[in-house]
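# Observations on the model geometry
Residue strings, one per chain:
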Amino acid sequence: MRQDISGELDNTRCPEIIKIISLGKRSGRLYLTNGSETGNIYFSDGEVIHAQCGALNGVKAIYELAVWTSGEYRFFVDEPSDLQTINMRVDDILSETTTHLRQMDKITSLIPSSAAVYAFESEIKDKEIQLKSIQWKVLASVDGKRSIADIAQIVGFGVSDTMKIFYTLLKMGVLRDAALQDTRIDRRLIELPETAFINSLKHALTQSIGPVAPFIIAETAEELSIDLLSDSTDQKANLIETLSNKIPEEKMSLKFLDAMTDWLKSEV
Amino acid sequence: MKGSIKDLLQISGVHGYIIAQGKSMQVKLPSKHTFSGAKDRLWLLYKDLTEGHHRPGNTLEILLDDMLLTVFLAESTMLLVMSSLRVNQALLRMTGKLIIANMNKEKK
């Protein structure tokens, strides 16, 4: 295993190293580490043929490696790859990586690092918010304790992709910095009564929309002026139906209705 | 998934229902009901709702003087429920949504 180029990522970032290896028409493996994670980029006659970083492969792995600003790199000559996950010219890869890095600069102006922790914002300004499934996947893992890097690992996305999703969610106003105290959340949680009906409602809604369910129940009851301790079947049905309409995915909405219909049937 | 016609008929205030699908129509109403002999008018309603331009949502409520017609649509299937005005409307809508979803699932 012959090693001929090495250095610190603080001085030379991944795109520059790719350029140097490409200009020299070298073949081999570029190994990079930022301390906690590692990645590899494989070259054949100066062309990038494969890249891997954590669970990511291909160009996405290069985007991930390109944002590392600390750590080290080493190039191992003539270590070929059996895999080919990249079929792009180096110039195109570098141009796309530059675009990606520009986006990341914008994101880091709002999110300091992947170690940042966010929690749900209980007071949402917009009446209606539409989420893409990948945004939902990330949002469902937010618990006010996990960092972006932790969540990236859970959902199986790259850290920079997950940061991008967090950026959008923060801009939408659905998340807030977990370090900022929000006493409204605690108050609302305490205010949800511990009745069999509410517990069942919480359980069924959490299964359909995730941990945000208690807030949605409290918010919907407030909107409809419903007393959560009321025995009125009309009020319960109204609450369930309104909640079901707030579940964006039809299948999940029906699942929720299905689970809650039993409650009402036993009382009618 | 639960949600059957039996559940629907158990809701207090429900008179009966009509299911229309393609060229068939099933009417289950008490014989003296205002709509029991109104198949032609119901066909017109079905055609208007299913063949007309696309409308948002899949539940319609038609309020008559002494009756509520709740219509559930899924592609070419229509479930129309006749009930009194004092029916638990939310429960009726919930049950109707489950039934129409089941019917559509079975059709597929």
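Residues numbered from 1 in each chain as written. Chains lettered and ligands numbered in written order. Predicted model: local features only at pLDDT ≥ 70, side-chain atom pairs only at ≥ 80, totals over all residues.

## A short note on the overall build of chain B
Each helix and strand in chain B was counted, giving 3 helices and 5 strands. The secondary structure elements of chain B, listed N-terminal to C-terminal, are α-β-β-α-β-β-β-α. In chain B, which comprises 108 residues, the share counted as buried stands at 31%. (Helix = DSSP H or I, 4+ residues; strand = E, 2+ residues; numbered from the N terminus. Buried ≥ 20, exposed ≤ 12 C-beta atoms within 10 Å, placed from the backbone.)

## Overview of unusual backbone geometry
All names here are of chain A. The phi dihedral of K25 is positive, around 50 degrees, even though this residue is not glycine. Along the polypeptide, K25 turns up in the loop between α1 (14-23) and β2 (28-33). One non-glycine residue with positive phi stands out, namely D45, at about 50 degrees. With respect to the element layout, D45 can be found in the loop between β3 (38-44) and β4 (47-53). The class of D45 is exposed, set by 9 C-beta atoms lying within 10 Å.

## Topic: the environment of N102(B)
Positionally, N102(B) belongs in helix α3 (residues 89-107). Through-space distance from the C-alpha of N102(B) to that of G3(B) is 7.5 Å; in sequence the pair is 99 residues apart.

## Things to note about α1(A)
Residue pairs three or four apart in sequence face the same way in an α-helix, which turns once every 3.6 residues. All names here are of chain A. Among the residues making up α1, those that are buried are C14, I17, I18 and I21. Buried residues of α1, seen end-on, are gathered within an arc of 100 degrees and therefore sit on one face of the element. Of the surrounding secondary structure, the elements contacted by the buried residues of α1 are β2, β3, β4, α2 (59-66), β6 (72-77) and α3 (90-108). (Arc of directions from axis to C-beta. Contact = placed C-beta atoms within 7 Å.)

## A word on the interface of chain A and chain B
With 13 residues of chain A at the interface, the matching set in chain B holds 15 residues. Contributions of two or more residues to the side of chain A that touches chain B are made by α10 (233-246) and α11 (250-267) of chain A.

## Some thoughts on the sheet that holds strand β5 (residues 77-83) of chain B
Residues and elements named next belong to chain B. Strand order across the open sheet formed by 5 strands is β2-β1-β5-β4-β3, with antiparallel pairing between neighbours. Among the strands making up the open sheet, the edge pair consists of β2 (24-28) and β3 (59-63). Ignoring which end each strand starts from, the neighbouring axes of this sheet average 15 degrees apart. Where strand β4 (residues 68-74) and β5 come together, 7 bridges link them in antiparallel fashion. Bridging across to β5, L69 finds its partner in M82. Sheet strands touched by helix α2 (residues 39-51): β1 (14-21), β2, β4 and β5. Its angle to β2, the strand with the most contacts, is close to 125 degrees. (Pairing = 2+ DSSP bridges. Axes fitted to C-alpha atoms, helices over the stretch in contact; angles between N-to-C directions.)

## Here we look at the nonpolar core
Counting 39 residues, the largest nonpolar core has L205(A), L79(B) and V81(B) as its most contacted members. Residue contributions to this core peak at 8 residues, all from α3(B). In this structure, C14(A), V67(A), W68(A) and I93(A) belong to the second largest nonpolar core, which totals 25 residues. (Core = buried A, V, L, I, M, F, W, Y, C linked by C-beta atoms within 7 Å.)

## Looking at the packing of α2(A) against α3(A)
Residues and elements named next belong to chain A. At a closest axis distance of 10 Å, the pairing of α2 and α3 adopts a crossing angle of 50 degrees. One element, α2, and the other, α3, form an angle in the oblique class. Crossing handedness for the pair α2 and α3: right-handed. Contacts from V59, I62, Y63 and A66 of α2 reach α3 at I93, E96, T97, H100 and L101. Of the residues assigned to the contact of α2 with α3, the class counts are 6 nonpolar, 2 polar and 1 charged. (Parallel < 35°, antiparallel > 145°, perpendicular 65-115°, else oblique. Left-handed = near helix turned anticlockwise from the far one by under 90°. Nonpolar A, V, L, I, M, F, W, Y, C, P; charged D, E, K, R; others polar.)

## A look at the packing of helix α9 (residues 213-223) of chain A against α10(A)
All names here are of chain A. Interaxial distance between α9 and α10 falls to 10 Å at its minimum, and their mutual angle equals 120 degrees. Here α9 lies oblique to α10, going by the angle between them. Taken as a pair, α9 and α10 cross one another with a handedness that is right-handed. For the pair α9 and α10, contact is made by I216, I217, T220 and A221 and by L239, T242, L243 and K246, respectively. Of the residues that constitute the contact of α9 with α10, the class distribution is 5 nonpolar, 2 polar and 1 charged.

The quantities given are spatial measurements derived from coordinates; they are silent on function.
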